[in-house]
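The chain contents come next:
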Amino acid sequence: MTLRVPYIADETIERDAEALLEQYTPKCMKIRTPIPIDNIVEKYLKLRVEFNDLRRLFGLPGHREPDIFGAIWLKSGEIVIDESLDPEEYPLREERYRFTLAHEVGHWRLHRPLVQDTQRSIVVCRSSQANERLELQANLYASCLLMPRKLVMEWRDKLGNDHPYILRRKSFFGLPYDMDPKLAGVLRFFEQSDLYNFARPFAEKFRVSPTAMRIRLEKLGLIRLEVPRLAKPTFGHLHIPLPSRT
Amino acid sequence: MMTARMMFGRLVRRERMARAIGLREMAKKVGVSPTYLSQIERGEFKPPTEDKVRKIAEIIGQDPDELLALAGRVASDLTEIIRRRPREMADFLRAAKGLTADDIARFALQAQKTKQK
């Protein structure tokens, strides 16, 4: 049975994530990076977390790459994370694990009312359904929860970059960007690595993947794909220095 | 039917959550992975080794001997006691079987006094 998922404004999602952080943080204390997502889930929201082989649990055929990362039982408040994301067994998956947990919190906060009067109670989160509204909302929630606007802005100041990082160069060594497809391909490669280098120090502070960080930075207007039209860039050349990594 | 393994797992989970100890946090304290602790809590796996069960008992404030019994294990010091005096200890335990907890406690006290003499 498919759920009817209503539209929720991005601001509403962000406001709830901020409210949750505020409720969690003791008065006179300030929330710090990285956001203690385990404690928020288990100690504040009192949801039950466990690891299991989700593909086996749902009787799905095996793939080499896991497609299901998490599931939540919205009526009982149980979260199951796929074993492949166990951050103690696979330390490189820590970021992914944290994001999945925060994503399930998004379902818990946003989508519980949707299943109240239905038979359904489980939301299974598969990468193949990442573009469905239900999943997009939970992803935005996770993003706002793990990378709160205020803290990202603070780090932006600390990392010493007060201009938005402009990603797409209009030209390269005086050559127009779209001159030939091969050159464009090379430039795109540089763009990707520039972007990665820009997002990485933030990603490390917030303990999220550089990709999740890039999406958040874009959302907050700290990365722009192109120089906005009408806006006069305040810098003389095309490249803004990358933030130092201290 | 609920097996001893499942009862062990449920008790561990219930007491862990009642004390607001996180899964990862507990796994780290016990020295196992969160995946393995999840399996134990679901009763899918045999309870861990004696030293780990003892650690779990300490964290969730349970009597180690009772938790070991639920885990289907006998404390290694008890095995050693029986091994050293197999016939007498077996007779002793068989004779004590069926007594009430109070009676057993009284005998234990008596044994303690006898040793001190």
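Residues numbered from 1 in each chain as written. Chains lettered and ligands numbered in written order. Predicted model: local features only at pLDDT ≥ 70, side-chain atom pairs only at ≥ 80, totals over all residues. Heavy atoms only, no water.

J.: Run through the pairing of strand 4 (residues 122-126) of chain A, naming residues and quoting values.
T.: Residues and elements named next belong to chain A. Side chains Val 123 and Cys 125 of strand 4 all project onto a buried face; the interleaved residues Ile 122, Val 124 and Arg 126 project onto a face where none is buried. Note that strand 2 (residues 68-73) and strand 4 share 5 bridges and pair antiparallel. Paired with Ala 71 across the strands is Val 124, a residue of strand 4. (Buried < 20%, exposed > 50% of the residue type's maximum accessible area, 1.4 Å probe, protein only. Helix = DSSP H or I, 4+ residues; strand = E, 2+ residues; numbered from the N terminus. Pairing = 2+ DSSP bridges.)

J.: I'd like a rundown of unusual backbone geometry, residues and numbers included.
T.: Residue and element names in this part refer to chain A. For the bond from Thr 33 to Pro 34, the omega torsion is -15 degrees, close enough to zero to count as cis. Relative to the helices and strands, Pro 34 resides in the loop between helix 1 (10-24) and helix 2 (37-44). At Lys 46, a position not held by glycine, the phi torsion is positive, near 55 degrees. You can see Lys 46 is positioned in the loop between helix 2 and strand 1 (48-52). With a phi close to 50 degrees, Arg 207 is a non-glycine residue in the positive phi region.

J.: Explain the sheet that holds strand 4 of chain A to me, using residue names and the numbers behind them.
T.: Strands pair in a sheet through their backbones, by hydrogen bonds, and they do so in one of two ways: parallel or antiparallel. Residue and element names in this part refer to chain A. Within the open sheet, the 4 strands sit side by side as 1-3-2-4. Their pairing is mixed. A single partner strand is all that each edge strand has here, and the edge strands are strand 1 and strand 4. Shown here is a sheet whose adjacent strand axes are inclined to one another by a mean of 15 degrees, direction ignored. (Axes fitted to C-alpha atoms, helices over the stretch in contact; angles between N-to-C directions.)

J.: For the pairing of strand 3 (residues 78-82) of chain A, give the residues involved together with the corresponding values.
T.: Residues and elements named next belong to chain A. The element strand 3 is extensively covered by neighbouring structure, given that 4 of its 5 residues are classed as buried. Two strands pair when backbone bridges link them, and strand 1 and strand 3 are joined in this way by 5 bridges, in the parallel orientation. In the sheet register, Glu 50 faces strand 3, and the bridge partner there is Val 80. Of the strand pairs in this sheet, strand 2 and strand 3 are connected by 4 bridges, and their pairing is antiparallel. Looking at strand 3, one finds that Trp 73 is bridged to Glu 78.

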